[in-house]
Amino acid sequence: MENPLTPEVLADPVQLTRVLVDIESVSLNEKAIADCVEEVLRGVPHLSTYRHGNTVMARTDLGRSQRVVLAGHLDTVPLNNNFPSTMRGDLMYGCGTSDMKSGTAYALHLAVTLPEPRYDVTYFFYEAEEIESRYNGLNLVAQAFPEWLEADFAVLLEPTYGIVEAGCQGTMRSVVTTTGVRAHSARSWHGVNAIHAAGEVLRRLQTYEARRVTIDGCDYREGMNAVRINGGVAGNVVPDLCEIEVNYRFAPDRTPAEAEAHLREVFAGFEVRVTDTAAGAAPGLEAAPAKEFLAAVGAAPIGKLGWTDVARFAAMGIPALNFGPGDPNLAHHPDEHVEISKIRDGAATLHRWLAPA
Ligand SMILES: [Zn+2]
């Protein structure tokens, strides 16, 4: 296949978005797009380029005092009658236009056209973000070549509609168990009903007042919810066991250990088992490159409520945020599209931030 990523295409983030969208790359089918990206980057004299699976990394080595990461995933969710792309006025429709080839296009455009950025830059084009984490290109690189991820600050070019979404909340899954004593329901006074005991657990959840926390100017809103309930033996048996699955979304000022301690406090007197936890990420807007990035964007950041790959960087001690032109509400949507003017605005922002002073 002739590489469609020509110099003319690479020079224009809008055309580049469209060409990337038109290379089909549903998760686990990123080889063709990774081949095209790798070939381009290997031809750029100011970059060193590496590949691991279908993840391509390129970096400058200018001896700058700070290094930043620009990262975009190459994969998309499955097609949904939205391939290839189409144009309607100022809107580009198609799978991956918002999430996140318009963002990934920024990284590729800057990698090729900015030989002397103000910071050293590591550009990541990674595979399999949309599926389980064991396939995730950033995760695989972090395990195999952690030194590739060393940086002072990272920007994930996920859709945020042109504003900064910083940090992310943590999530904890747990099971709260109530116990009782089985008995025939005809002589129920011989038993203790575990489902009735669950009423107190549900009452605590219903009256629970979730915290709202502001960190570095970003608001995070916690939530604690029963998401499933299981109990019961038979139609004529007083049940001796009831399990309430509780999902706790916690602000990034709490570690998983602190979140667990809080959960146990809320359900004091009940058996609590934590089954799965992912730490949140503080917004990390104090680093110098982050402050300069916010100045270039010129709008207040907001807190990211869902869990994103930002947390992978945070776990390595690298402050990270999300910034991209797509509308996050359109990600994974059959009508997925991106505004051309948003692509141009975001490209100008990144240029202001990274171009030599
Ligand atoms: Zn995405």
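Look up a bit, the structure's there.
Residues numbered from 1 in each chain as written. Predicted model: local features only at pLDDT ≥ 70, side-chain atom pairs only at ≥ 80, totals over all residues. Heavy atoms only, no water.

Novice: So, the overall build of the protein chain: which residues are in play, and what are the values?
Specialist: Along the protein chain, the regular secondary structure elements total ten helices and 19 strands. C-alpha atoms of the protein chain, sized along the principal axes, occupy 80 × 45 × 40 Å. Counting every position in the protein chain, which comprises 357 residues, the buried fraction comes to 51%. In the protein chain, 78% of the contacts between residues at least 6 apart in sequence involve partners at least 24 apart. By element, 50% of the accessible surface of the protein chain is carried by carbon and sulfur atoms, the whole surface being about 15600 Å². With 30 positive and 46 negative side-chain charges, the protein chain shows a separation of 5 Å between the mean positions of the two kinds. (Helix = DSSP H or I, 4+ residues; strand = E, 2+ residues; numbered from the N terminus. Buried < 20%, exposed > 50% of the residue type's maximum accessible area, 1.4 Å probe, protein only. Contact = heavy atoms within 4.5 Å. Areas by Shrake-Rupley, 256 points an atom, 1.4 Å probe, with all protein chains shown as cover. Lys, Arg positive; Asp, Glu negative; His and termini not counted. Charge placed at Lys NZ, Arg CZ, Asp CG, Glu CD.)

Novice: Outline the environment of D22, listing residues and values.
Specialist: By secondary structure assignment, the location of D22 is in the loop between α2 (13–21) and α3 (31–42). The spatial distance from the C-alpha of D22 to the C-alpha of F153 is 31 Å, given a sequence separation of 131 residues. Apart from the residues lying within four places of it in its own chain, the contact partners of D22 are F83, P84 and S85. Of note is the side chain of D22, whose polar atom sits 2.8 Å from the backbone nitrogen of S85. (Polar contact = N/O pair within 3.5 Å; in protein donor to acceptor, adjacent residues only side chain to side chain.)

Novice: I'd like a description of the environment of A281, backed by residues and values.
Specialist: Mapped onto the elements, A281 comes out in the loop between β16 (271–278) and α8 (288–297). With a relative accessible area of 1%, A281 lands in the buried category. As for A281 and V19, which are separated by 262 residues in sequence, their C-alpha atoms are 33 Å apart. Once you skip the residues sitting within four places of it in the chain, A281 turns out to touch G167, C168, P252, V310, A311 and A314.

Novice: Would you mind going over the sheet that holds strand β7 (residues 153–156) in detail, with residue names and values included?
Specialist: The strand order across the open sheet built from eight strands is β1-β2-β6-β3-β7-β18-β8-β17, with neighbouring strands paired in mixed fashion. Each edge of the open sheet carries a strand with a single partner, namely β1 (48–52) and β17 (302–303). Pairing of strand β8 (residues 165–166) with strand β18 (residues 320–322), which is carried by two bridges, proceeds in the antiparallel orientation. Paired with A166 across the strands is L321, a residue of β18. Helix-sheet contacts for helix α4 (residues 97–113) involve β3 (67–73) and β6 (120–126), and the interaxial angle to β3 is about 140°. (Pairing = 2+ DSSP bridges. Axes fitted to C-alpha atoms, helices over the stretch in contact; angles between N-to-C directions.)

Novice: Can you tell me about the packing of α3 against α4, naming the residues and giving the values?
Specialist: Helices that pack against each other are described as a pair by the angle of their axes relative to one another and the distance between those axes. At a minimum axis distance of 10 Å, the contact between α3 and α4 shows a crossing angle of 20°. Taken as axis vectors, α3 and α4 run roughly parallel relative to one another. Taking contact as the criterion, the partners of I33, V37, V40 and L41 in α3 are, on α4, K101, L108, A111 and V112. Classifying every residue of the contact of α3 with α4 gives seven nonpolar, no polar and one charged. (Parallel < 35°, antiparallel > 145°, perpendicular 65-115°, else oblique. Nonpolar A, V, L, I, M, F, W, Y, C, P; charged D, E, K, R; others polar.)

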